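Structural overview for review
Residues per chain, in single letters:
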Amino acid sequence: MPSGWRFIAQRALPETILDWEVPFALSSNPKRDLSGPGSMAGTIEPEYARMLGADEKPIIQEWDTKLYLEIDGVIRWGGIVTKTAYEGPKASITCEGFSSYAQGIPFEDYMISGALITPKDPYAGKDKNHDGWVDGKKGKQRVPPPPKPYGGPRIDVFDAFRKIWNHIQSRPYGNIGLKIDTHKLGELLGAKDGSDPWELAWWDNPDCGQTLDTLTRTTPFDWIETHAWAGSGNTIEHRIRLGDPRLGRKRHDLRFADGENIIAIAKPEGMGDDYANEVVVLGKGEGRKMKRAQLHRYDGRLRRVATVTDKTLSEAKALRTRGERELAGRTKALQIPAIQVIDHPNARFGSWQLGDDVRVQVNVPWVGDVDVWHRIISDEISADGTVILTLKRSDSFHY
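A few points on the structure. As the structure is a prediction and not an experimental result, all values here were calculated from the model.

All right, on to the pattern of salt bridges then. Throughout the structure, instances matching the rule amount to 29 salt bridges. Between K57 and D64 there is a salt bridge, and its shortest N-O distance comes to 3.2 Å. The class for K57 is partly exposed, based on a relative accessible area of 30%. A relative accessible area of 12% means that D64 is categorised as buried. Residues R322 and E326 are paired through a salt bridge, measuring 2.7 Å at the closest nitrogen-oxygen approach. Of this pair, R322 and E326 both sit in helix α3 (residues 316–330), separated by four residues, roughly a single helical turn. Here the salt bridges share partners, and the residues they tie into one network are R11, D55, K57 and D64.

Turning to the sheet that holds strand β17 (residues 278–282), a few remarks are in order. Backbone hydrogen bonds hold the strands of a sheet together, and the pairing may be parallel or antiparallel. In spatial order, the strands read β18-β17-β19; together these three strands make up an open sheet with mixed pairing. Lying at the two open borders of the sheet, with one neighbouring strand each, are β18 (292–296) and β19 (305–309). Direction aside, the axes of adjacent strands within the sheet are offset by 15° on average.

Running from N to C, helix α1 (residues 157–170) and helix α2 (residues 208–218) cross one another at 165°; their axes reach a closest spacing of 11 Å. On the basis of the axis angle, α1 is roughly antiparallel to α2. Handedness of the α1/α2 crossing: left-handed. Along its contact with α1, which presents V157, A160, F161, I164, W165, H167 and I168, the element α2 presents C208, T211, L212, L215 and T216. Taken together, the residues that form the contact of α1 with α2 break down as nine nonpolar, three polar and no charged.

Quick look at unusual backbone geometry now. Cis geometry marks the peptide bond from L13 to P14; its omega dihedral reads -10°. As for its placement among the helices and strands, P14 is situated in the loop between β1 (5–11) and β2 (17–19). A cis geometry characterises the amide bond from T219 onward to P220, with omega recorded as -20°. Relative to the helices and strands, P220 is located in the loop between α2 and β13 (223–229). Positioned with a positive phi, S35 is a non-glycine residue whose angle comes to about 60°. With respect to the element layout, S35 can be found in the loop between β3 (25–33) and β4 (36–44). What makes S35 partly exposed here is its relative accessible area of 23%. Unusually for a residue other than glycine, D72 sits at a positive phi of about 50°. With respect to the element layout, D72 can be found in the loop between β5 (65–71) and β6 (74–87).

Criteria and thresholds
Residues numbered from 1 in each chain as written. Predicted model: local features only at pLDDT ≥ 70, side-chain atom pairs only at ≥ 80, totals over all residues. Heavy atoms only, no water. Salt bridge = Lys/Arg side-chain N within 4 Å of Asp/Glu carboxyl O. Buried < 20%, exposed > 50% of the residue type's maximum accessible area, 1.4 Å probe, protein only. Helix = DSSP H or I, 4+ residues; strand = E, 2+ residues; numbered from the N terminus. Pairing = 2+ DSSP bridges. Axes fitted to C-alpha atoms, helices over the stretch in contact; angles between N-to-C directions. Parallel < 35°, antiparallel > 145°, perpendicular 65-115°, else oblique. Left-handed = near helix turned anticlockwise from the far one by under 90°. Contact = heavy atoms within 4.5 Å. Nonpolar A, V, L, I, M, F, W, Y, C, P; charged D, E, K, R; others polar.

Written out as structure tokens, the structure reads:
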């Protein structure tokens, strides 16, 4: 294990430290994802998994152990042990970020945004002979038209995101300690006029994790999971940071270049069969009543059309947002999907955050010099002292 590194084991409930120096050998680098939980995998040998903590339970146990990577006193990765396998004296351990816990958890409550409200008609039943006049007031008072339906209160996307997480963590043995940012996005769910409410109902057996993913994909916005020491004790704070709507910024102070801090690049890629300059989005409904949006970004190349189906979408704005995001991802030119970097004055380790836009300068065979802004969507810390950054072209995002 590199100097300054240590793996720390903590009981999931309650959060008590079990071991400050877990002999964990990486088989898959600790990976952080933008708007995702990230992962880490490794092995322990020999037979450490049989050791018991002070609570007389195995230190490493599925859905019962939190595992962290600390480097020089800073927690760089945290997650939950989700899978174990044993072969002789060797244990194989798979960990996923805390936010993966939402997957498979049912939503057992009710939430609605933009419900259609039909006010009570105060004149209902007061024209029994149907002559258009209020009973007993013929020639004096006509029956007015009934009040028009209207849209009810609407929920901010981030409030819905938080409520789902609050629901998850309020259930017995479900509080994994995640704190969610408290600000609002400014985007409201459901149609303003009540024509298409957003609803999350327990009787539909919705999956909390899938619902959170859908909110992130269709609004859209960024979030990241972070872990850090809190105060001077042994308390670790877990947080989901919410974008507004995006996280990160354009980093003119950082640079990644061949022959300087980049030591390897993944094979550059174009769009190939995924290229499209027109997108059709099919939403809620069937047949002629299906919600639909069609967008294009013609760029001089032959027309290519991609069709996307998402039955969670019904509002025109949501359909267009989904289409614009799809177009942005399908019309991009050459991109560098990943780079391996060393610690360097161009960009010191820990100087970037997920979501940042960084300048990447490399030489690509058959293309020549490429100097393009890319966005960091994940990073992997390697025991050999390097970091792998997974990238997407900055112009492939739409917010």
